[in-house]
Amino acid sequence: VKPGPQHQAILFASDFGPSSEWVGTCHAVIARIAPTTRIIDLTHALVPFDVTLAALVLHDVMPFASPSIAVLVVDPGVGSARRAIAVRCARGDVLVGPDNGLLTSVATALGGVVEAHELTDLQYQNSTHSSTFHARDIFCPVAAHLSLGLALKDVGPELDIDSLTAPFQPRVAITRDQVACEVTNVDRFGNARLSVTNDALHRAGIETQDAFKVSSGEKTEIARRVKTYHDLGKDEVGLIEDSFGWLCLVLNQAAAAQRLDLQPGSRIDLERVQCSFN
Amino acid sequence: VKPGPQHQAILFASDFGPSSEWVGTCHAVIARIAPTTRIIDLTHALVPFDVTLAALVLHDVMPFASPSIAVLVVDPGVGSARRAIAVRCARGDVLVGPDNGLLTSVATALGGVVEAHELTDLQYQNSTHSSTFHARDIFCPVAAHLSLGLALKDVGPELDIDSLTAPFQPRVAITRDQVACEVTNVDRFGNARLSVTNDALHRAGIETQDAFKVSSGEKTEIARRVKTYHDLGKDEVGLIEDSFGWLCLVLNQAAAAQRLDLQPGSRIDLERVQCSFN
Amino acid sequence: VKPGPQHQAILFASDFGPSSEWVGTCHAVIARIAPTTRIIDLTHALVPFDVTLAALVLHDVMPFASPSIAVLVVDPGVGSARRAIAVRCARGDVLVGPDNGLLTSVATALGGVVEAHELTDLQYQNSTHSSTFHARDIFCPVAAHLSLGLALKDVGPELDIDSLTAPFQPRVAITRDQVACEVTNVDRFGNARLSVTNDALHRAGIETQDAFKVSSGEKTEIARRVKTYHDLGKDEVGLIEDSFGWLCLVLNQAAAAQRLDLQPGSRIDLERVQCSFN
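It should be emphasised that the depicted structure is a prediction, and the values quoted were computed from it without experimental measurement.

### Describing the confidence of the model for chain A
Fine structural detail should not be taken from predicted coordinates in areas where pLDDT scores are low. Residues and elements named next belong to chain A. With 95% of its residues at a pLDDT of 70 or more, chain A shows a mean pLDDT of 91. Overall, residues 1-6 carries pLDDT values under 50, and its contacts beyond four positions in sequence, including any with other chains, amount to 5 contacts. If you check the scores for this complex, the pTM reads 0.91 and the ipTM reads 0.90.

### Regarding the relation of the copies chain C and chain A
The two copies are related by a screw motion: chain C maps onto chain A through a turn of 120° and a shift of 0.0 Å along the axis, at an RMSD of 0.1 Å. Each copy turns onto its partner about a three-fold axis. For chain C, the smallest separation between a C-alpha atom and the rotation axis is recorded for P18 of chain C, amounting to 3.4 Å.

### Concerning unusual backbone geometry
Here the phi dihedral of D235 of chain B falls at roughly 70°; this positive angle occurs in a residue that is not glycine. Among the structural elements, D235 of chain B can be located in the loop between β11 (219-226) and β12 (238-241). Positive phi, normally seen in glycine, also occurs at Q253 of chain C, with a value near 60°. Relative to the helices and strands, Q253 of chain C is located in the loop between β13 (246-250) and α6 (256-259). Overall, the relative accessible area of 41% leaves Q253 of chain C in the partly exposed class.

### Some thoughts on the relation of the copies chain A and chain B
Note on the identical chains: chain A maps onto chain B by a rotation of 120° and an axial translation of 0.0 Å, with an RMSD of 0.0 Å. In this assembly the copies use different faces: only 10% of the residues contributing to the interface of chain A also contribute to that of chain B.

### Looking at the pairing of strand β10 (residues 211-216) of chain A
Residues and elements named next belong to chain A. Bridging between β10 and strand β14 (residues 267-273) involves 5 bridges; their strand directions are antiparallel. Residue pairing in the sheet places V214 in a bridge with L270 of β14. Pairing between β10 and strand β11 (residues 219-226): 6 bridges, direction antiparallel. Following the sheet pairing, F212 is matched in β11 by A223. Remark: 2 residues form the turn of the hairpin made by β10 and β11, two consecutive strands paired antiparallel; G217 in that turn has positive phi of roughly 55°.

### As for the environment of A257 of chain A
All names here are of chain A. Inspection of the secondary structure puts A257 in helix α6 (residues 256-259). Separated by 68 residues in sequence, A257 and F189 place their C-alpha atoms 9.0 Å apart. If sequence neighbours within four positions are ignored, A257 has contacts with V186, G190 and L262.

### Quick look at the pairing of strand β4 (residues 84-89) of chain B
Residue and element names in this part refer to chain B. Burial of β4 is extensive: 5 of the 6 residues sit out of reach of the surface. Alignment of β4 against strand β5 (residues 94-98), held across 5 bridges, turns out to be antiparallel. The partner of V87 across the bridge, within β5, is L95. Hairpin connection from β4 to β5: 4 residues lie between these consecutive antiparallel strands, with G92 at a positive phi of about 115°. Here 5 bridges tie β4 to strand β6 (residues 113-118), and the two strands are oriented antiparallel to one another. By the bridge assignment for β6, R88 is matched with E115.

### Thoughts on helix α1 (residues 21-33) of chain B
The first and last C-alpha atoms of α1 of chain B sit 18 Å apart over 13 residues, in line with the 18 Å expected at 1.5 Å per residue. Burial analysis of α1 of chain B places 12 of its 13 residues in the buried class, which makes it a mostly covered element. Buried within α1 of chain B we find E21, W22, V23, G24, T25, C26, H27, A28, V29, I30, A31 and I33 of chain B. The secondary structure elements touched by the buried residues of α1 of chain B are β1 (9-14), β2 (38-43) and α4 (134-147) of chain B together with β2 (38-43), α2 (51-61) and β8 (178-186) of chain C.

### What to know about the interface of chain C and chain A
At the interface, 40 residues of chain C touch 32 residues of chain A. Across the chain C to chain A interface the summed buried area is about 2,900 Å²; carbon plus sulfur atoms make up 62%. Across the contact surface, chain C and chain A share 0 salt bridges. At the junction of chain C and chain A, the tally comes to 11 residue pairs in polar contact (both at pLDDT 80 or more).

Conventions used here
Residues numbered from 1 in each chain as written. Chains lettered and ligands numbered in written order. Predicted model: local features only at pLDDT ≥ 70, side-chain atom pairs only at ≥ 80, totals over all residues. Heavy atoms only, no water. pLDDT = per-residue confidence, 0-100. Contact = heavy atoms within 4.5 Å. Least-squares fit on C-alpha atoms with pLDDT ≥ 70 in both. Helix = DSSP H or I, 4+ residues; strand = E, 2+ residues; numbered from the N terminus. Buried < 20%, exposed > 50% of the residue type's maximum accessible area, 1.4 Å probe, protein only. Pairing = 2+ DSSP bridges. Expected span 1.5 Å × (residues − 1). Buried area = accessible area lost by both parts, 1.4 Å probe. Salt bridge = Lys/Arg side-chain N within 4 Å of Asp/Glu carboxyl O. Polar contact = N/O pair within 3.5 Å; in protein donor to acceptor, adjacent residues only side chain to side chain.

Encoded structure:
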């Protein structure tokens, strides 16, 4: 089944909080302009203000969707001089949001940005021009019009792609026996995602059967590399490849982040050990 | 694009909590009766039991939607003698919910109530007649039938509009140099919304470039009136007009409510000062 | 109105957390395969890891929906040897998820399981075969294909129904004057749901007008059986039949769970008293 225009979808992600009235207002605004456009909420539980983390999360999620129009909003600079933009990616997606590095970071998972425009044409925006809620007044109305067939070039003047805020890079340094990285996310189950992929370890020649000494601040643990939570004994810390390829510190049905006192941003050192734990 | 009957939408807001099974059950109930009706969740993160705050929030949100059928539920009196009602507003919306002031308050943003009915006809309600979950058993089934074309007059007997619970009024007193108001909401970012609009200050002749001494309980701060979060220095308290016209106490990328120890209901006194802070 | 294939719906419930990116990713995966299939989120706020509680909640909710395809995921054993399954219920629903007792428990509310298959045919699953996110890689893709008309028998080999993990049973013991049960849930309003239905009390000959001494750990209260929250005085503990038939300990506009220090799993003893409280 190929979606016709009547099945056009807009993906939507923000740090507005689950089921907040900001999310609902944006849905209502889109539906008023484009009543037959479907809205797919990717997440609204992104950490407030944290553009870098949002970029990591959405970079991983977007490839699972069909090429789509997407409104992506974590926007601490709302109302300042930062531009409102829409970018087309090589895969065909059109991303709408602030020019703060979020869209360009996500675009790297979609073939990169091939065309960029500033959102300046007011006829595709709300007449309520707030300085604090551009999702409602600019991003969602523009996305709704795009879903109805508006050409990208009509939202406003084309921008030099090099003028966009550059994508973020995960902070990680890998040597033969050591990995310096950070916690990028703590999920609902207390799993702590690190800024290093399983692939990166592999490329550095670090074999998958190894265990690691994990240090964070005062805390030290031995973590065993495992394939599933179930491979871990009670209270045993594990290092698992999550479903997006990132390494995570985990426990079996318990919260590793709590045990190791980890928050997003916590610095982590992994040191390879010969499987000597017992 | 004008929605045909196949694009009929029901707006839905409640204090059931984000993604709670109560919300999901209501969606399922609507979809069973009206499988092609779209449901737009305005919010389900409303503060439990707080009808007044819900009224303020939904009063602001509803005008952004097309005239619609809406189920609005914050209902601490569920199962008591309070009536279940549906009201038509001048703009064309039909609001379904409890007669506790919520619907009449929201209606003031939609031209006011022009017709009201009590929900008594059981053939448009669920056979499971609980005394604690009228959203599932009464409000949503009735809204679903309305979305299929049921006439408002068929849901039950017409009510005298004057017999409805009266709308709430924000508590605020403005004099030439002083504003007594309250915190009506603290959002996810820690911004504290006050029960006074920028327009009201204007009408009272208080110029927008002023700063205010903000007092709440023991705490006192100077707040500068700014247009965007970005205009504030680190740790500087600002007074901003939010996207719905309300004044809010804010910090730049930090939580003003925490700094000033504010909760919904906190009494706030604003006193005009000549810009003497430095 | 009878839904045609273009109104096919998938119900979706999980412990992923409200509006988490896992929920959004699953929506995107379904929409990519089946762009016209509607997704109805029953809840994503289920308690992490708690299969038994999820079974209780979804057992109650599912009968309110039309017979549907449903993806139900609380899956602490993800990646272990536990099977991924789809079961058809007597009512017509097809439930997709892990074989850990969740689906069979929910099925008891839908006429029981009449056919079961293991999900092994990879052509209906995602190529990203993670060991931690089967909702994305197995359950949702299979459900999406089923919504397009795939026959249940094509997802993988048929299973002996007796080989499935058995349904859970609520833990409750009722004698003439005493009920030993447990708290199965604490809701957003602080109501504590017990593992005993009003019907069960009735069948045991315990009249509905009785009051009970409620003991939990050190705490003891007298709870009066009432029909609505409103029947309770300030600070009076009530025992109410909730909208799904379960008994709940409640206060009027306050949190009974906090007052009695109750969590899911708390052991509760109810002892019948002659209405002597005052």
